[in-house]
Amino acid sequence: MKRARTGILGLGAYVPERVMRNSEWAAWVDTTDEWIHSRTGISTRRIADPAQSTVDLAEAAARRALEDAGLGVDAIDEIIVATDTPEVFLPDTASYLQTRLGAREVPAFDMAGSGCAGFVFGLDIARSRAAVGNRCVLLVGVELLTRIMDWSDRATCVLFGDAAGAAVIGPGEPLAEVLACTAGTDGSRSAILCLETGGTRRPVTEEAVSRREHQNIVMNGREVFKEAVNRMSAASRQVLEDAGVAVGELALVVPHQANLRIIKAVQKNLGVGDETMFVNVQHYGNTGSASVPLALWEARAQGRIRSGDLVLLTAFGAGFHWAAALLRF
Ligand code: UT7
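Residues numbered from 1 in each chain as written. Predicted model: local features only at pLDDT ≥ 70, side-chain atom pairs only at ≥ 80, totals over all residues. Heavy atoms only, no water.

**Let's talk about the pairing of strand 1 (residues 6-14)**
Here is step 1 of the chain: Summarising burial for strand 1: eight of the nine residues are buried, a large majority.
Here is step 2 of the chain: As paired strands, strand 1 and strand 7 (residues 162-171) are joined by eight bridges and run antiparallel to one another. Residue pairing for strand 7: Leu11 is matched across the bridge by Ala167. (Buried < 20%, exposed > 50% of the residue type's maximum accessible area, 1.4 Å probe, protein only. Helix = DSSP H or I, 4+ residues; strand = E, 2+ residues; numbered from the N terminus. Pairing = 2+ DSSP bridges.)

Given below as structure tokens:
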């Protein structure tokens, strides 16, 4: 039996309406617009309405991706949600999304705790599942990171934002072929970027809550910075090598949007020009697993991607996990 081509059939994204500027953080914690902008490149981020939860953002992005693919909800054969900020602790957000969308009773699961690499990591899984079973897989990266951070910790709170991005991966005439994917994990350094309270090792207690430990994202910024640059650069080179593509052939690199300085360092390592690097961290901050699909969606909406273009995705996050993918539009 001849297998249909599989690839990305549609993309979607959603950001909450509320825009929060750096100046608002400066009124809240001991920081300045100048510090945030010069150290991170971030000017604004979006904050979900208190009435919104993870599944609301996920649904909005998913419906846009389905519309972009020209598919109805009945076409979905599987749902994967990459998130560190789930709807509830149990069951997974994918279950809520399946019901909210009115999808068939298909397998649905979360990639929880995969950090900012979750969507690109998930793309590798989604394309394998799509190719093996001729399945149409809905992949969503969604975060409400502003709900789990400590709003009084200036070292982390100014960095994050809320958003969702989605892709439909399956058989058909692809919007983008997935030429190669790579991913990796180094769990030995997980303590450098983690949220320890709430699991079995350190359950939530009244004392823990009074010390805000349930929101205590532990991050050694400098170490994470170095690791992010090295891993995203290496994963990019790996995926190019696997696909037999030279860096000069790339039309666009869409990196995880955590910090403009990280993006610039990856750009330098890869040796590509400004026109090849997509940046939107200034508008949204670090939106975790939503960052790459949101950036990819926005790059396409801005006309930065044309048919035939080779586009490289690269991401890094807690775990540590990293992943890269090479697409041909
Ligand atoms: O997606 C993966 C998740 N995380 C990341 O990608 C984050 C990666 N790391 C980074 O982006 C950067 O390390 C940060 C933006 C988090 C920090 O930038 P940095 O240039 O590495 O600054 P630093 O942590 O070395 O801190 C420098 C100074 C410190 O003061 P002292 O000790 O030099 O007096 C901090 O206390 O800046 C201070 N600082 C701030 N000052 C004003 C930290 N946060 C703030 C703030 N406003 N918001």
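**Focus: the domain arrangement of the chain**
Here is step 1 of the chain: Domain boundaries assigned for the chain yield domain 1 (6-175) and domain 2 (179-190 + 218-328).
Here is step 2 of the chain: Measuring from the centre of the C-alpha atoms in domain 1 to the corresponding centre in domain 2 gives 17 Å.
Here is step 3 of the chain: Opposite the 44 residues of domain 1 that make contact, domain 2 presents 40 residues.
Here is step 4 of the chain: Approximately 3,100 Å² of surface area, both sides summed, lies buried where domain 1 meets domain 2, with 67% of it carried by carbon and sulfur atoms.
Here is step 5 of the chain: When the area that domain 1 buries against domain 2 is broken down by residue, the three leading residues are Leu11, Cys116 and Val120, summing to 20%.
Here is step 6 of the chain: At the junction of domain 1 and domain 2, the tally comes to one salt bridge.
Here is step 7 of the chain: Here Arg300 ties to Asp68 by a salt bridge, and the two come within 3.0 Å at their closest N and O atoms.
Here is step 8 of the chain: Taken together, domain 1 and domain 2 are joined by 13 residue pairs in polar contact (both at pLDDT 80 or more). (Domains from an automatic or database assignment. Contact = heavy atoms within 4.5 Å. Buried area = accessible area lost by both parts, 1.4 Å probe. Salt bridge = Lys/Arg side-chain N within 4 Å of Asp/Glu carboxyl O. Polar contact = N/O pair within 3.5 Å; in protein donor to acceptor, adjacent residues only side chain to side chain.)

**Things to note about the sheet that holds strand 11 (residues 252-255)**
Here is step 1 of the chain: Here we have four strands laid out as an open sheet, ordered 8-13-12-11, and mixed in their pairing. Each end of this open sheet is capped by a strand with a single partner; those strands are strand 8 (177-185) and strand 11. Between one strand and the next, the sheet's axes are offset by a mean angle of 10°, whatever the strand orientation.
Here is step 2 of the chain: Note that strand 11 and strand 12 (residues 310-317) share four bridges and pair parallel. Its bridge partner lying in strand 12, Leu252 is registered against Val311.
Here is step 3 of the chain: Lying over the sheet, helix 5 (residues 118-133) contacts strand 8, strand 12 and strand 13 (321-328), oriented at roughly 125° with respect to strand 8. (Axes fitted to C-alpha atoms, helices over the stretch in contact; angles between N-to-C directions.)

**A look at the site of the ligand**
Here is step 1 of the chain: Lining the immediate environment of the ligand, one finds 22 residues, of which Thr31, Arg39, Arg222, His256 and Asn259 sit closest.
Here is step 2 of the chain: Separating an oxygen atom of the ligand from a side-chain N or O atom of Arg222 is a distance of 2.6 Å.
Here is step 3 of the chain: Its free accessible area being 950 Å², the ligand has 75% of it covered by the protein chains.
Here is step 4 of the chain: Every element with two or more residues in the shell around the ligand is listed here: helix 2 (33-40), helix 6 (154-157), helix 8 (221-243) and helix 9 (260-270).
Here is step 5 of the chain: The dominant element in the shell around the ligand, judged by the number of residues it contributes, is helix 8, at four residues.
Here is step 6 of the chain: Tallied by class, the residues present in the shell around the ligand amount to 11 nonpolar, six polar and five charged.
Here is step 7 of the chain: Inspection of the shell around the ligand shows a minimum of three residues originating in each of domain 1 (6-175) and domain 2 (179-190 + 218-328). (Near = heavy atom within 4 Å. Areas by Shrake-Rupley, 256 points an atom, 1.4 Å probe, with all protein chains shown as cover. Nonpolar A, V, L, I, M, F, W, Y, C, P; charged D, E, K, R; others polar.)

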